[in-house]
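Residue strings, one per chain:
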Amino acid sequence: MSTLNWSSSYWTSWTLDRLCHLVRLNGGTLQASRVSLLYAEDPCHWEVIQAKGGLKIFCETHHESLEWIDTGGPGHEKLLRLQESPARAAKKRLGQRVALFAGRISDDLTEAYASKTQLWEAWERFSADSLEPPTGFSRALFLLVQWRVLARAGHDWFR
């Protein structure tokens, strides 16, 4: 008999994180029968899921992260699908926008060096052309420097 409290928030959070990771590795959808891969990683995950009432109830309890999909009556495969949080989806979308912007920077900026203000104006034009609000500029600059599209050249200047 186990003396650990498998339904504690620590164990639940850990199992949820690992289960979401497994679903993500499988393209965002996972057959319920393949959750055995999680149990093989660490049998404690089985204990946690059973303490919550089983896999279906575990997924329904954490509907903000996982969706339980019943594809039909008896004998049909059950699926788990990753639910993307609005914050994660927005962050992913911003990354996509920045990648597109990176490909267009040389068209907008003709000089070797650009000020932060010039980059902001280019971001505004790009956003308007994309029919998107010009939000996320600071994050965009950070990513452009991280990706080595831009390099800092002094205070508020980039090359």
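Below you will find a few notes about this structure. The structure displayed is predicted, hence computed values, not measured ones.

## Re the overall build of the protein chain
Scanning the protein chain from terminus to terminus reveals seven helices and five strands. Out of the 159 residues in the protein chain, the part that is buried amounts to 33%. A total of about 9900 Å² of accessible surface is found on the protein chain, and carbon and sulfur atoms cover 54% of it.

## Let's talk about helix H3 (residues 44–51)
Within H3, burial applies to His45, Val48 and Ile49. For H3, the arc enclosing every buried residue in end-on projection is 95°, short of the 170-degree limit, so these residues lie on one face. Looking at the buried positions of H3, the neighbouring elements they touch are helix H1 (9–25), helix H2 (36–41) and helix H4 (55–61). With its phi angle positive at about 110°, Gly53 sits one or two positions after the end of H3.

## Section: the nonpolar core
One recurring pattern in soluble globular proteins is that nonpolar side chains are buried together. Counting residues in each nonpolar core, the largest one holds 19 residues, and the members touching the most others are Leu19, Val35, Leu55, Leu66 and Leu80. Counting residues per element, the ones that place at least two in this core are H1, H3, H4, strand S2 (66–70) and strand S3 (78–82). Broken down by element, this core gets its largest block of residues, six residues, from H1. Those residues within four positions of Val35 in sequence are excluded, and the remaining contacts are Leu19, Leu30, Leu55 and Leu80. Listed in part, the 17 residues of the second largest apolar core include Phe101, Phe137, Leu143 and Leu150.

## Things to note about unusual backbone geometry
Peptide bonds are mostly trans, and most non-glycine residues show a negative phi. Its identity is not glycine, yet Leu131 carries a phi of approximately 60°, on the positive side. Secondary-structure assignment places Leu131 in the loop between helix H6 (116–129) and helix H7 (137–146). A residue is classified by how much of its surface remains accessible, and Leu131, at 78% relative accessible area, is exposed. In this structure, Asp156 takes a positive phi of about 60° despite not being glycine. Mapping Asp156 onto the fold places it in the loop between H7 and strand S5 (157–158). The exposure class assigned to Asp156 is partly exposed, which follows from its relative accessible area of 30%.

## Describing the packing of H6 against H7
Orientation of H6 relative to H7, taken along the N-to-C sense of each, is 110°, at an axis distance of 11 Å. In terms of orientation, H6 lies roughly perpendicular with respect to H7. Relative to H7, H6 is oriented so that their crossing is right-handed. Contact residues: H6 offers Lys116, Leu119, Trp120 and Trp123, while H7 offers Phe137, Ala140 and Leu141. The residue makeup of the contact of H6 with H7, split by class, is six nonpolar, no polar and one charged.

## As for the sheet that holds S2
Spatially, the three strands line up as an open sheet ordered S1-S3-S2, and their pairing is antiparallel. Only two strands of the sheet have a single partner each, and these edge strands are strand S1 (29–31) and S2. Sheet twist, expressed as the average angle between the axes of neighbouring strands with direction ignored, equals 25°. Both S1 and S3 contribute to a ladder of three bridges, which runs antiparallel. Bridge pairing in S3 places Thr29 opposite Arg81.

Here is what the cut-offs are and how they apply
Residues numbered from 1 in each chain as written. Predicted model: local features only at pLDDT ≥ 70, side-chain atom pairs only at ≥ 80, totals over all residues. Heavy atoms only, no water. Helix = DSSP H or I, 4+ residues; strand = E, 2+ residues; numbered from the N terminus. Buried < 20%, exposed > 50% of the residue type's maximum accessible area, 1.4 Å probe, protein only. Areas by Shrake-Rupley, 256 points an atom, 1.4 Å probe, with all protein chains shown as cover. Arc of directions from axis to C-beta. Contact = heavy atoms within 4.5 Å. Core = buried A, V, L, I, M, F, W, Y, C linked by side-chain atoms within 4.5 Å. Axes fitted to C-alpha atoms, helices over the stretch in contact; angles between N-to-C directions. Parallel < 35°, antiparallel > 145°, perpendicular 65-115°, else oblique. Left-handed = near helix turned anticlockwise from the far one by under 90°. Nonpolar A, V, L, I, M, F, W, Y, C, P; charged D, E, K, R; others polar. Pairing = 2+ DSSP bridges.

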